[in-house]
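Secondary and tertiary structure notes
These are the residues of each chain, in order.
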Amino acid sequence: MSRLALLRHGHTDWNRAGRIQGRSDIPLDAEARAELGGYRLPSPWDTASIWSSPLSRAAETAQLVSGQAPKTSDALTEMNWGEWEGKRGVDLIAIPDSGYRHIEEWGWDYRPPKGESPAEIWARLAPWLTNLKGDNLAVCHIGIMRVILAKAWGWNFAGPAPFKIKRNRLFILELDPMRAEPEPIRLVAREG
């Protein structure tokens, strides 16, 4: 049986400001580094193959919680937000003709200007997922997690999501057939 645990990277200055990061390589902030340094992976995920997006905020999160350098895959790179990268969603939604929509109104083909749709993200993720064997943990981004979890839950980006992505939690999936466990698992506080 092949399984995958998904973990969202720690906070960055852009996260805290509500800015859309996308593929911009924004590093973890000092507070996130300190917080993540106090956590470790729970068993059996502490012996899983560790993967991350090549973006530094994900790779550093993986290093901090696992104690090892992750393997990276371009498939795990965050959604391309095109012209909206660096902007704030709250500002875009206030502009009636911006085209920005809340995730519950996306569908699989929703695409930011010069950006990437959830369907296109799935097209690059599916081959990577197919090649995974055993237990794997991927530190990645909310956009990547939404697409994988949407497939696992059978959610079509229409109406409320059947999951809520929180930080410092592992979202566990069986891969063949793809099925999500209903409750995420918390990271464990390091002793001493």
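What this report covers is the structure whose coordinates are included nearby.

Criteria and thresholds
Residues numbered from 1 in each chain as written. Predicted model: local features only at pLDDT ≥ 70, side-chain atom pairs only at ≥ 80, totals over all residues. Heavy atoms only, no water. Helix = DSSP H or I, 4+ residues; strand = E, 2+ residues; numbered from the N terminus. Areas by Shrake-Rupley, 256 points an atom, 1.4 Å probe, with all protein chains shown as cover. Lys, Arg positive; Asp, Glu negative; His and termini not counted. Charge placed at Lys NZ, Arg CZ, Asp CG, Glu CD. 1 Å grid on protein atoms, 1.4 Å probe; cavity = no way out; pocket = protein on both sides within 12 Å on 5 of 7 lines; lining within 4 Å. Points joined across faces, edges and corners; volume = space filled by probe spheres on them. Nonpolar A, V, L, I, M, F, W, Y, C, P; charged D, E, K, R; others polar. Expected span 1.5 Å × (residues − 1). Buried < 20%, exposed > 50% of the residue type's maximum accessible area, 1.4 Å probe, protein only. Contact = heavy atoms within 4.5 Å. Pairing = 2+ DSSP bridges.

Moving on to the overall build of the protein chain. Broken down by element type, the protein chain carries six helices and nine strands. As presented, the protein chain carries roughly 9100 Å² of accessible surface, and 49% of it is formed by carbon and sulfur atoms. Between the mean site of the 25 positive side-chain charges and the mean site of the 24 negative ones, the protein chain shows a separation of 1 Å.

Space inside the largest pocket adds up to approximately 530 Å³. Lining the largest pocket are 26 residues, with R19, I20, Y100, I142 and R146 positioned closest to its centre. Mapped onto the lining of the largest pocket, the elements with two or more residues apiece are α1 (13-17), α4 (89-93) and α6 (142-153). Considering each element in turn, the lining of the largest pocket owes the most residues, three residues, to α1. Grouping the amino acids of the lining of the largest pocket by side-chain chemistry returns nine nonpolar, nine polar and eight charged. Considering only enclosed or pocket space, the second largest pocket measures out at about 200 Å³ in volume. Along the wall of the second largest pocket there are 15 residues; nearest its centre are K164, F171, P182, E183 and P184. With four residues, the top contributor of residues to the lining of the second largest pocket is strand β6 (residues 169-175). Across the lining of the second largest pocket, the residue classes tally to ten nonpolar, no polar and five charged.

Turning to empty space enclosed by the protein, a few remarks are in order. Following the criterion strictly, the structure yields one cavity of 30 Å³ or more and no others. Volume-wise, the largest cavity comes out at about 30 Å³. Around the largest cavity, the lining residues are G10, H11, A32, E35, L36, R167 and N168. Its residues assigned to classes, the lining of the largest cavity shows two nonpolar, three polar and two charged.

Tracing the backbone shows A69 in the loop between α3 (56-66) and β4 (71-72). Remark: the alpha-carbon pair of A69 and A59, spanning ten residues in sequence, is separated by 7.5 Å.

Because each turn of an α-helix spans 3.6 residues, side chains separated by three or four positions end up pointing in the same direction. Here α6 is twelve residues long and its end C-alpha atoms lie 16 Å apart, about the 16 Å a rise of 1.5 Å per residue gives. Among the twelve residues that make up α6, nine are buried, leaving the element largely enclosed by the rest of the structure. Taken as a whole, α6 has its buried residues at I142, G143, I144, M145, V147, I148, L149, A150 and A152. Contacts from the buried residues of α6 go to β1 (3-8), α5 (118-130), β5 (135-140), β6 and β7 (178-180). Positive backbone phi, approximately 75 degrees, marks G154, located one or two places after α6.

Here β1 lies mainly inside the structure; six of its six residues are buried. Here β1 shows two buried faces, one formed by R3, A5 and L7 and the other by L4, L6 and R8. Relative to β5, β1 is paired through six bridges, and the arrangement is parallel. Note that in β5 the partner of L4 across the bridge is N136. Sheet topology note: the β1/β6 ladder contains four bridges and is antiparallel. Paired with L6 across the bridge in β6 is F171.

That's the geometry; what it means functionally is another story.
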